[in-house]
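# Examination of the molecular architecture
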Protein chains: 2
Amino acid sequence: MLKRYLPILTWLPHYHKRLLGADLLAGLIVTVMVIPQSLAYALLAGLPAVVGLYASILPQLIYTLFGTSRTLAVGPVAIIALMTGAALSSVAMPGTDTYLQAALILSLLSGGMLVAMGLMKMGFFSNFLSHPVISGFLTASGILIAASQLGSLLGVESSGFTLVERLMTLVPNFATFNLPTLLIGSGTLVFLITIRRFGKATLHKAGLPLTLADLIAKSGPVFAVVVTSLVTWHWQLAASGVAVVGEIPGGLPALSFPWGDYSLWRALLIPALLISLVGFVESVSMGQMLAAKRRQRISPNQELIGLGATNLAAGLSSGMPVTGGLSRTVINYDAGAQTPAAGAFAALGIALVTMSFTGWLFYLPIATLAATITVSILTLVDIPMLRQTWRYSRSDFAAMAVTILLTLCEGVEAGIIGGVTLSIALFLYRTSRPHSALVGRVPDTEHFRNTERHDVETVSNVALLRIDESLYFANARYLEDTVYNLVASQPELEHVVLICSAVNLIDASALESLEAINARLKDSDVKLHLSEVKGPVMDQLKKSDFLEALTGRVFLSTYAAWREFS
Amino acid sequence: MLKRYLPILTWLPHYHKRLLGADLLAGLIVTVMVIPQSLAYALLAGLPAVVGLYASILPQLIYTLFGTSRTLAVGPVAIIALMTGAALSSVAMPGTDTYLQAALILSLLSGGMLVAMGLMKMGFFSNFLSHPVISGFLTASGILIAASQLGSLLGVESSGFTLVERLMTLVPNFATFNLPTLLIGSGTLVFLITIRRFGKATLHKAGLPLTLADLIAKSGPVFAVVVTSLVTWHWQLAASGVAVVGEIPGGLPALSFPWGDYSLWRALLIPALLISLVGFVESVSMGQMLAAKRRQRISPNQELIGLGATNLAAGLSSGMPVTGGLSRTVINYDAGAQTPAAGAFAALGIALVTMSFTGWLFYLPIATLAATITVSILTLVDIPMLRQTWRYSRSDFAAMAVTILLTLCEGVEAGIIGGVTLSIALFLYRTSRPHSALVGRVPDTEHFRNTERHDVETVSNVALLRIDESLYFANARYLEDTVYNLVASQPELEHVVLICSAVNLIDASALESLEAINARLKDSDVKLHLSEVKGPVMDQLKKSDFLEALTGRVFLSTYAAWREFS
């Protein structure tokens, strides 16, 4: 029981020296690698850069206690930062105390919701984010984030949380770009793209072992940070208009509870819910993927609790909403992390940097961070997926397209809510007009197939109607229409057999319709029969009076009905 | 084409004398019978009584042109009046000009929506009002309406649109009841209940022919109206505190367009949508029932257009939202109406009364109208249905109970929205954890049954898994879990066969899950096969790369797979 809620108890007792070595190395690598992205994502959310560091310390330590994934690294991530920025700027002005406070409230709300969902075992909730909606959302967010970094790369002011807003503020100021910033930004961008695409192979060809080549290629951002900081410092480019990170307060984050206004809490409820769901989906799908690689399992409901506790910690320690991040987790995994202790070591490393070395970050250009974000975020943009989905299913494509358009034009919340609503509506619409087929017997067998697709035997006074859907309120009336039209078009009919092999559920509305069909066919001297009713459906029908009122019989197989009538 | 949108063209050319006689008689009877209820429902909506008459003239004439039901009578009805009152009192004070104007805007909005839904063939929309939600809503509305009439029956002030509000305003004033009002109200109530229950049989026993006995029993309300009006006039009871209908402006309703404020239109959008849906469901289900009795058909999409035009007419002619009413339609049908001309004659009759005889209604006590409403509305309250639904399905019962509670405590809109949302959520939840079964071969047959329910043959290295649900985003991950758990629990497995006889749809999310399952089983040297894939599903799978990547095969029947592996 205790182990279920505190997964650390499953691995800590068996901890040993060999694991310690691997975890310490991974922790060190992660510390160095995630500092630039942590700063960048805080800026993306409109928060001071240091908040990104704060959000990488206590939350990661807490996840070590409650998380079930061995390698997940928790902290600020791009999508959640984007959503956080959109949510916060709807309730406060960036730069104000209320804005900072709202970030903490958002973390606490999201943490509370995740813990509650975990305790109530409501992990299935995230299933309603269908695949087309998620991938559409990621693509659109990637574009949005890239657009949001354009200003920083050029040294031009821009703001807003939709594509239109961004471009409207960017384009008029375009001519005011800052040359040194543009050079640093575009240089870093080209360098990062090059090393990402060719670095590993080139270094390996040059004689380095594969793992080292990979590690060096992955350190591209760290290298860029160091070089551009030195350049900016040496030529004092801040004086020429290059925006830098500047003074970061040293010391550990303060622990506090963000009381705030009731209206603030209330206004952040929906954003917190969406951030929880998206963060959970991102985190758990990555956790599952990596666990599968090492044949481990993660528990989605405990992950909810773990991520929730993590966000509660972020809200109490001057942080921002966090989740299991794609890039930081991959770095941790590739660096050889064996247990969540690696994450704890990274958290301690970042704490050390925050306490003593923030001065080193003073000259780091914002443009460098923008280039880092842009390169890592563009992997989210998946254009081929659009074509693939279009080919496979128009209605899945519609959900994806609406998610993308709404996200780009109306913002992240509208995108997710619109996408989920549309996918549910489309599913209901599809099931509300179920496929049904008149079937006949494949000669000399006990099999029955669609009369329109196959050459089968039929009998003129018997209609064998196979319904390919569960019967429930959305399609109950459609079933009535189908049967009535059938009877109207075949006056010689005496028996209608509903084949229920694909009927997994008959709800109260459908039961009512079946009763109506039975009564109406009785008036026309046509008998209604059922065949191949599944066990659970039959059990439920027995709880009603329908089977007594049924004019015909219930056949175990369609063949049995066939033998009876032919 | 013209006939489709103007159904009057299908019957008017064949109109002849015999039909005219029947329709004229029915029209006369309906005129007399529906005047009291039209007044009562206008009062129920918080509107002047005469609005109920106005709403029974032009709308019914328009329905004659556009409606497909031969016998449906259109006008104010109880449920719609209740919903209208709730909607109007949220935007204006009863008795003000804005309140009257809002009633017209509500009619126009609702009419516009109905016409639009009809032109777009969106009649299926109403299917989302599941049977438990509708019957729960009718029961709760019946209780609400009865409670709303208590004040009028006692001669006590009361107001509000939830049960709590009603009782809170009623109880403190209880002691101030007016004796003559109470006597008239309770006397009428007892009379109406008695004649409704025993009138027809008693009169028939006394020697009257059955149809005449029925007609007289049904005229109970008219009789009550005449007698109580005479009593009130003779003893001048209005002076003793008996509320009467009073002065009704004579003359036909004015034709006008209610311009009003933009904010008023906007605030009434959602109520108009709900009123449209509920009105359509009430009207079309009655139309269908009566059409079936005479082996006629109605067209739901044309009915939408017809009802929409009717409501547009109501909005332009000083009326209120209308729909096909239960009691007025039954009166029309029983009085022998043959074509929609009967409705037109009734409309002309009511117009005549409105022009010249409104003075006769001066002394009609409000308490009599309240008793009329109460008696007719109590037929909506269906308590046994609660027990029946509970027995049949807990989740249908939950939808019903929530609808009832929300309607009673939060009002009609909250009731419908809550009920529909819950029934959709429950349906999605049910399908998100689909029933699945490991099956085995029934010895010496080609049939396969659940290994847990039947004594069947199995092979240790083959798992035959039947999924009893369409595969879509809500259950895609559940499928993955099911298969992974299966493989983890049976290490000797070499083949997993997914039996898809009940799979009617595989959406993009489920396709992704199938691809993930295929890849993961491949890593464990287990082959994935499909069997009994339906035609439409197979057609769709062919549009993806899944079938090429599939490690196993697609079998036409499970038996074919069985033969291959055993």
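Residues numbered from 1 in each chain as written. Chains lettered and ligands numbered in written order. Predicted model: local features only at pLDDT ≥ 70, side-chain atom pairs only at ≥ 80, totals over all residues. Heavy atoms only, no water.

The name given to chain A in an unreviewed UniProt entry is Sodium-independent anion transporter, with the source organism recorded as Halovibrio variabilis. Recorded under Subcellular location (unreviewed entry), the UniProt text for chain A is reproduced unchanged: "Membrane". (UniProt positions renumbered as here; feature names shortened; annotations may be inferred.)

## Some remarks on the sheet that holds strand β7 (residues 527–531) of chain A
All names here are of chain A. The mixed open sheet is built from 6 strands, whose spatial order is β4-β3-β5-β6-β7-β8. Looking along the sheet, the strands with just one partner apiece sit at the ends: β4 (448–450) and β8 (554–555). The pairing of strand β3 (residues 436–441) with strand β5 (residues 462–467) spans 3 bridges and is classified as antiparallel. Looking at β5, one finds that S436 is bridged to I467. (Pairing = 2+ DSSP bridges. Helix = DSSP H or I, 4+ residues; strand = E, 2+ residues; numbered from the N terminus.)

## Topic: the packing of aromatic side chains
For the coordinates displayed, the defined rule picks out 27 aromatic pairs over all chains. Geometrically, the ring pair formed by F257 of chain A and W259 of chain A is tilted, given 4.5 Å between the ring centres and 50° between the ring planes. Relative accessible area serves as the criterion here: at 37%, F257 of chain A is assigned to the partly exposed category. Given the relative accessible area of 64%, W259 of chain A is considered exposed. Ring centres of F191 of chain B and F223 of chain B lie 5.5 Å apart, and the angle between their planes is 40°; this geometry places the pair in the tilted category. With F191 of chain B in helix α10 (residues 179–205) and F223 of chain B in helix α12 (residues 220–234), the pair connects residues that are 32 residues apart, well separated along the chain. Among the residues examined, F191 of chain B registers a relative accessible area of 26% and is labelled partly exposed. A network of ring pairs unites the aromatic residues F128, F427, Y472 and F473 of chain A together with F128, F427, Y472 and F473 of chain B as a single cluster. Here the basic side chain of R394 of chain B rests over the ring of W390 of chain B, its NZ or CZ set 4.0 Å away from the ring centre. For the cation-ring pair, R520 of chain B lies above Y484 of chain B, with the distance from its terminal atom to the ring centre recorded as 3.6 Å. (Phe/Tyr/Trp six-rings, centres within 6.5 Å; stacked < 30°, edge-to-face > 60°. Buried < 20%, exposed > 50% of the residue type's maximum accessible area, 1.4 Å probe, protein only. Lys NZ or Arg CZ within 6 Å of the ring centre and 35° of its normal.)

## Section: the UniProt feature "domain: STAS" (unreviewed entry) in chain A
As annotated by UniProt and renumbered to match this structure, "domain: STAS" (unreviewed entry) occupies residues 452–566 of chain A. Here residues 452–566 of chain A is 45% helix and 16% strand, with 20 Å between the C-alpha atoms at its ends.

## Comments concerning the pattern of salt bridges
Going through the model one piece at a time under the given rule, you end up with 14 salt bridges over all chains. Notably, a salt bridge pairs D468 of chain A with R466 of chain A, separated by 2.8 Å at the nearest N-O pair. You'll find D468 of chain A and R466 of chain A in the same group, each marked buried. Of the charged contacts, one joins R553 of chain A and E564 of chain A as a salt bridge, the two residues approaching to 3.2 Å between their closest N and O atoms. Of this pair, R553 of chain A sits in the loop between α25 (546–549) and β8 while E564 of chain A sits in helix α26 (residues 558–565); the two residues are 11 residues apart in sequence, bridging distant segments of the chain. Residue classification places R553 of chain A among the partly exposed positions, given a relative accessible area of 43%. According to the relative accessible area criterion, E564 of chain A is partly exposed, its value standing at 47%. When salt bridges that share partners are traced, they join R466 and D468 of chain A together with K534 of chain B into one network. (Salt bridge = Lys/Arg side-chain N within 4 Å of Asp/Glu carboxyl O.)

## A short note on the domain arrangement of chain A
According to the domain assignment, chain A contains domain 1 (2–9 + 17–395) and domain 2 (436–565). If you average the C-alpha positions of domain 1 of chain A and of domain 2 of chain A, the two centres end up 56 Å apart. (Domains from an automatic or database assignment.)

## Looking at the environment of I517 of chain B
Residue and element names in this part refer to chain B. Looking at where I517 falls in the secondary structure, it is placed in helix α23 (residues 508–523). Separated by 33 residues in the primary sequence, I517 and Y484 have C-alpha atoms spaced 7.9 Å apart. Leave out the neighbours within four places in its chain, and I517 touches L479, E480, V483, Y484 and L528. (Contact = heavy atoms within 4.5 Å.)

## Notes on the interface of chain A and chain B
Chain A puts 58 residues into the contact, and the matching count from chain B is 58 residues. Across the chain A/chain B interface, buried area totals approximately 5600 Å², and carbon plus sulfur atoms make up 54% of it. Contact with chain B buries surface across chain A, with Y392, F473 and R477 of chain A losing the most and accounting together for 15% of the total. In this structure, D539 of chain B engages R453 of chain A in a salt bridge whose closest nitrogen and oxygen atoms are separated by 3.5 Å. Listed by contribution, the elements that provide at least two residues to the side of chain A that touches chain B are α8 (131–154), α14 (269–293), α19 (383–392), α21 (412–432), α22 (473–489), α23 (508–523) and α24 (535–541) of chain A. A per-element tally of the side of chain A that touches chain B places α21 of chain A first, with 7 residues. (Buried area = accessible area lost by both parts, 1.4 Å probe.)

## Let's talk about the pairing of strand β6 (residues 495–499) of chain A
All names here are of chain A. Among the 5 residues that make up β6, 5 are buried, leaving the element largely enclosed by the rest of the structure. Residues H495, V497 and I499 point to one face of β6 and V496 and L498 to the other, with burial holding for every one of them. Bridging between β5 and β6 involves 5 bridges; their strand directions are parallel. Of the residues in β6, the one forming a bridge with V462 is H495. Running through α22, the crossover from β5 to the neighbouring parallel element β6 is right-handed. (Right-handed = clockwise from strand over helix to strand, strands pointing away.)

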